[in-house]
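Residue strings, one per chain:
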Amino acid sequence: ALPLVVSGRRIGVFSLCAGEVGFFDADEIRLLGELAADIGVALELGERERERKRSEAALRASEERFREIAENIDEVFWITSADRSELLYMSPGWAKIWGRRDGLQQGSPYKWLRAAVHPDDRERVLRALSKPDSSGRYDEEYRIVRPDGEIRWVRDQAFPVRNAAGEVMRVVGVARDMTERHQLQEQVRRSQRIEATGQLAAGVAH
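A.B. asks: Break down the pattern of salt bridges for me, with residues and values.
C.D. replies: It is possible for side chains of opposite charge to pair when their charged atoms get near one another. Scanning the model with the defined rule gives 16 salt bridges in all. A salt bridge links R124 to E140, with the nearest nitrogen and oxygen atoms 2.5 Å apart. Within this pair, whereas R124 is found in helix 4 (residues 119-130), its partner E140 is found in strand 5 (residues 138-145), the two being separated by 16 residues in sequence. Judged by relative accessible area, E140 falls into the buried class, the value being 18%.

A.B. asks: Help me get a handle on the pairing of strand 1 (residues 2-6), residues and values and all.
C.D. replies: Side chains L2, L4 and V6 of strand 1 all project onto a buried face; the interleaved residues P3 and V5 project onto a face where none is buried. Note that strand 1 and strand 2 (residues 9-14) share 5 bridges and pair antiparallel. Bridge pairing in strand 2 links P3 to V13. As consecutive antiparallel partners, strand 1 and strand 2 are separated by 2 residues, and within that stretch S7 has a phi angle of approximately 55°, a positive value.

A.B. asks: So what's going on with the pairing of strand 6 (residues 151-162)? Residues and values would help.
C.D. replies: The pairing of strand 5 with strand 6 spans 8 bridges and is antiparallel. Note that in strand 6 the partner of I144 across the bridge is R152. Linking strand 5 back to strand 6 in an antiparallel pair, the connection comprises 5 residues, with G149 at a positive phi of about 95°. As paired strands, strand 6 and strand 7 (residues 168-177) are joined by 9 bridges and run antiparallel to one another. Bridging across to strand 7, V154 finds its partner in D177. Remark: 5 residues form the turn of the hairpin made by strand 6 and strand 7, two consecutive strands paired antiparallel; G166 in that turn has positive phi of roughly 85°.

Thresholds applied
Residues numbered from 1 in each chain as written. Predicted model: local features only at pLDDT ≥ 70, side-chain atom pairs only at ≥ 80, totals over all residues. Heavy atoms only, no water. Salt bridge = Lys/Arg side-chain N within 4 Å of Asp/Glu carboxyl O. Helix = DSSP H or I, 4+ residues; strand = E, 2+ residues; numbered from the N terminus. Buried < 20%, exposed > 50% of the residue type's maximum accessible area, 1.4 Å probe, protein only. Pairing = 2+ DSSP bridges.

See below:
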């Protein structure tokens, strides 16, 4: 009887039987021991392969869930390299909010910022992107100019992704279309101005 060992743990016994005492000599016992060791290695490799397949299946499922979320939300989900020099991913919401399908979302994030951000907001946004706060985050609202000339407001938030050592590995972010909220705020301000003007006129008339 010879132990079957996988990853230092005995998982079973390799047994052989003979009809007479002393049937197995020392060389045969040594060879059988090597065979038992080989069987243990084969079992370990098989378990590693099964674990690899399980991990790959879990990764595919995770990626599929990520795509389902990122590609079906109205917000833009994006990922850049740690130094923010390379845009690694931009969700399809980009085309909906930015109104673009010209490939600007590929390559450097600075490219689409310079091309799409309103000139009056561009320098502020570039500064925030290149010099985030001490936590590695930034949170900016700015205007973008779509190819058809329409101006929309966007809130862009970024968050660093760190490894166990605290080093920034990637930066992820979410950009939301805030145009409707700004329009409502402007309507409220306009109503307040009209009301104030009416009160002033009433006071003068009185």
